[in-house]
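Here's the letter readout for the chains.
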Amino acid sequence: MTDYTPDDDADVTVQDLIDRLRAEADAGVDPESTPDVGIIMGSDSDLEVMSGAHDALAELGFAEQTDFHDAPDARFTYETYVVSAHRTPELMYAYGETAAARGLDVVIAGAGGKSADLPNMTASIAYPIPVVGVPVQEKSVDSVIGMPTGAPIVAVDAGKSFNAALSAAQILSREHDELRERLVEYHEGLVGGVARDSRDLHDLGVDRYVESRNDD
């Protein structure tokens, strides 16, 4: 990975990022070495909510790719950018238009506020690449899901970026048995957890069960 600190490019411009995306799209890199999932958000203030997507992908064995030309060893990877539909519309267009050529298979897009347009606009621009929308706040839901007939978007409930990443992985798993197996293993772990909780709650009784959970 590139040894980078934010101060290295203090004067970076939106055009620099657009040029980067277009250059990557024209590079003809093997899709197996490019990010499979792109995660974008309208502001870095959305990162706390969107970090659930990172957690879910990490749970499934994805690695973060920070250098387009130097992929990590993991078979499945993701990238993350801040892309504002209102403040940097040109960057949003560039990201959507280059998504396929850059090797992305799915995009997860999160935005907050009442005018949370990044997910649905990206879905329109990147079509037919599937976009999973994440309303960062409850008031963002109507904006994210408000797409007309013929302009589809997949969306999760407010703040549920973890589920958005699981949905992205499900889409990818249709072509990757290895990822399908990881999803099944993850789901079976959840089922097993419910079984253990049910047994322990019954066998320990409510008070001892709650105490045991607090000790954990």
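All figures in this text were calculated on a predicted structure; none of them were measured in a lab.

(A) A look at the packing of helix α1 (residues 14-26) against helix α3 (residues 89-98). Running from N to C, α1 and α3 point in directions that differ by 10 degrees, and their axes come no closer than 9 Å. Of the possible angle classes, the one that applies to α1 and α3 is roughly parallel. In this structure, α1 contributes Val-14, Leu-17, Ile-18, Leu-21, Arg-22 and Ala-25 to the contact, and α3 contributes Glu-90, Leu-91, Ala-94, Tyr-95, Glu-97 and Thr-98. Of the residues in the contact of α1 with α3, the class split is 8 nonpolar, 1 polar and 3 charged.

(B) View of the packing of helix α2 (residues 47-59) against helix α6 (residues 161-173). One way to put it is that α2 packs onto α6 with a least axis distance of 6 Å and a crossing angle of 40 degrees. Taken together, the axis directions place α2 and α6 in an arrangement best described as oblique. In the crossing of α2 with α6, the sense of the turn from one axis to the other is right-handed. Across from Val-49, Met-50, Ser-51, Gly-52, Ala-53, Asp-55, Ala-56 and Leu-57 in α2, the residues of α6 making contact are Ser-161, Phe-162, Ala-165 and Leu-166.

(C) A look at the packing of aromatic side chains. For the structure shown, the criterion picks out 3 aromatic pairs. Ring centres of Phe-62 and Phe-76 lie 5.5 Å apart, and the angle between their planes is 35 degrees; this geometry places the pair in the tilted category. Taken together, the residues Phe-62 in the loop between α2 and β2 (63-64) and Phe-76 in the loop between β2 and β3 (77-82) connect sequence positions 14 residues apart. Since its relative accessible area comes to 6%, Phe-62 is described here as buried. A relative accessible area of 1% means that Phe-76 is categorised as buried.

(D) Fine view of a nonpolar patch on the surface. Side chains of Leu-201, Val-206 and Val-210 sit close together on the surface and give an oily, nonpolar patch of about 240 Å² of accessible area. Along the chain, Val-210 falls in helix α8 (residues 206-215).

(E) Seen up close, the UniProt feature "binding site: substrate" (unreviewed entry) in the chain. The UniProt record annotates "binding site: substrate" (unreviewed entry) at Ser-43, Asp-46 and Arg-87. As for the lining of the second largest pocket, the annotated residues named previously contribute Ser-43, Asp-46 and Arg-87. With respect to the secondary-structure elements, Ser-43 resides in the loop between β1 (37-41) and α2. The exposure class assigned to Ser-43 is buried, which follows from its relative accessible area of 16%. Those residues in contact with Ser-43 that lie beyond four places of it in its chain are Val-82 and Arg-87. The topology assignment puts Asp-46 in the loop between β1 and α2. Judged by its relative accessible area of 7%, Asp-46 is buried.

Rules of the game
Residues numbered from 1 in each chain as written. Predicted model: local features only at pLDDT ≥ 70, side-chain atom pairs only at ≥ 80, totals over all residues. Heavy atoms only, no water. Axes fitted to C-alpha atoms, helices over the stretch in contact; angles between N-to-C directions. Helix = DSSP H or I, 4+ residues; strand = E, 2+ residues; numbered from the N terminus. Parallel < 35°, antiparallel > 145°, perpendicular 65-115°, else oblique. Contact = heavy atoms within 4.5 Å. Nonpolar A, V, L, I, M, F, W, Y, C, P; charged D, E, K, R; others polar. Left-handed = near helix turned anticlockwise from the far one by under 90°. Phe/Tyr/Trp six-rings, centres within 6.5 Å; stacked < 30°, edge-to-face > 60°. Buried < 20%, exposed > 50% of the residue type's maximum accessible area, 1.4 Å probe, protein only. Patch = residues over 30% accessible without salt bridge, like charges linked within 9 Å, V, L, I, M, F, W, Y side chains within 5 Å. Areas by Shrake-Rupley, 256 points an atom, 1.4 Å probe, with all protein chains shown as cover. Salt bridge = Lys/Arg side-chain N within 4 Å of Asp/Glu carboxyl O. UniProt positions renumbered as here; feature names shortened; annotations may be inferred. 1 Å grid on protein atoms, 1.4 Å probe; cavity = no way out; pocket = protein on both sides within 12 Å on 5 of 7 lines; lining within 4 Å.

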